[in-house]
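An overview of the molecular structure
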Amino acid sequence: MKTSFSSAIFALSIFAGSLAHGATVDLTSVLNNASFENSTGGCPVSWTCDSNIANAFVVLDPHEFIAGSNGLSGGRITPDGNNAVVMPPISGASYLSQGFGTFAADTDYTLTIWVGTPRNIPAPQPDRPAGPAGLIQFNFLGGPSANIGIGPTFGVAAPAVGQWIPYTMTLTAADVQGHVGQEATFRIRVESIYNEQVAAFDIAPPTPETRNSDTPEPASMALIGIGLVGLEVARRFRQKA
Ligand SMILES: [Ca+2]
């Protein structure tokens, strides 16, 4: 019986080991000015604006998204706070990026970012109807000067005019492997052919109704696994008795 019990404990430890899970960092709480509420002269504070994004940061006017029919609950105009960033101000490619320290080992990095298509292109461009951006991508950079793309390039189609949608991405520990200790940067890229093609971004936790409730949490899976091992232990005890 002793041998049986020992082997069951051994199996349990192997099972627990296979479930060992590193930390998950939610960038919502790591990025500075994640909600784009603060800006000085166009570029959001703490963010780096490349290309022609200057002056693309706007306090969203209520007429850009119609409360109640914009994909947000509670009559909100923006997913979080009052402001969002809109890019690019004219056709072409633009980048918005921010460093967030260095990559840690055994760590997943997750972020939910809201993507919106305003109804009008932002000032200082002439006020006229906007259209969905041609290309919206997110990626992570590492390397000695955060100049190497790491992991997948995440892409999302722009929502319809006047709508917001949440997009969740995860850079896994496997993606980060080999880049631990390197400077880490998150980057948004928008490309458009026409001046009217713009995209708005805001960072906020997903609303409860958008959370994926179908996937079991790793912790609950571990509990199920421990329970199954426990049943096996009990079965063996009964057989030996
Ligand atoms: Ca905001």
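Residues numbered from 1 in each chain as written. Predicted model: local features only at pLDDT ≥ 70, side-chain atom pairs only at ≥ 80, totals over all residues.

1. Here's the deal with the overall build of the protein
Scanning the protein for helices and strands turns up 3 helices and 14 strands. Burial status across the protein gives 30% buried among its 241 residues. Of all intrachain contacts in the protein linking residues separated by at least 6 positions in sequence, the fraction that spans at least 24 positions is 79%. (Helix = DSSP H or I, 4+ residues; strand = E, 2+ residues; numbered from the N terminus. Buried ≥ 20, exposed ≤ 12 C-beta atoms within 10 Å, placed from the backbone. Contact = placed C-beta atoms within 7 Å.)

2. Brief notes about the confidence of the model for the protein
The predicted model of the protein averages 80 in pLDDT, with 71% of residues at 70 or higher. Counting interchain partners and residues more than four positions distant, the pLDDT-below-50 stretch residues 208–225 has 8 contacts. (pLDDT = per-residue confidence, 0-100.)

3. Details of the pairing of strand E6 (residues 84–87)
Covered by surrounding structure in E6 are Ala84 and Val86 together with Val85 and Met87, the residues of both alternating faces. Both E6 and strand E14 (residues 197–203) contribute to a ladder of 3 bridges, which runs antiparallel. Following the sheet pairing, Val85 is matched in E14 by Phe201. (Pairing = 2+ DSSP bridges.)

4. Section: the environment of Pro122
Checked against the element boundaries, Pro122 lands in the loop between strand E8 (107–116) and strand E9 (131–132). In this structure Pro122 comes out as buried when scored by C-beta crowding, with 24 C-beta atoms within 10 Å.

5. Quick look at the pairing of E14
In summary, the side chains of a regular strand alternate between the two faces of the sheet. For E14, a buried count of 7 out of 7 residues is recorded, marking the element as mostly surrounded by other parts of the structure. Burial of E14 is two-sided: the residues Gln197, Ala199, Phe201 and Ile203 facing one way and the residues Val198, Ala200 and Asp202 facing the other way are all buried. Here 4 bridges tie E8 to E14, and the two strands are oriented antiparallel to one another. Within E14, the residue paired with Val115 across the bridge is Phe201. With 2 bridges joining them, E9 and E14 adopt parallel strand pairing. Each residue of the ladder has a partner; that of Pro132, found in E14, is Val198.

6. Overview of the environment of Pro132
Mapped onto the fold, Pro132 is located in strand E9. Along the chain, Pro132 and Arg119 lie 13 residues apart, while their C-alpha atoms are 9.3 Å from each other. Those residues in contact with Pro132 that lie beyond four places of it in its chain are Thr117, Ala158, Val161 and Gln197.

7. Brief notes about the nonpolar core
Ranked by internal contacts, the top residues of the largest apolar core, which has 45 residues, are Val85, Ala199 and Phe201. Among the elements of the structure, E6, E8, strand E10 (135–142), strand E12 (164–171), strand E13 (183–192) and E14 are those that each provide at least two residues to this core. Aside from chain neighbours lying at most four places away, what touches Ala199 is Met87, Val115, Thr117, Ala133, Ile136, Ala158 and Val190. (Core = buried A, V, L, I, M, F, W, Y, C linked by C-beta atoms within 7 Å.)

8. Section: unusual backbone geometry
Negative phi is the rule for most residues except glycine; trans is the rule for most peptide bonds. At Phe36, a position not held by glycine, the phi torsion is positive, near 60 degrees. You can see Phe36 is positioned in the loop between strand E1 (23–26) and strand E2 (39–40). When the 27 C-beta atoms within 10 Å are taken as the criterion, Phe36 is described as buried. Positioned with a positive phi, Asp106 is a non-glycine residue whose angle comes to about 50 degrees. Relative to the assigned elements, Asp106 resides in the loop between strand E7 (92–102) and E8. The exposure class assigned to Asp106 is partly exposed, which follows from the 13 C-beta atoms found within 10 Å.

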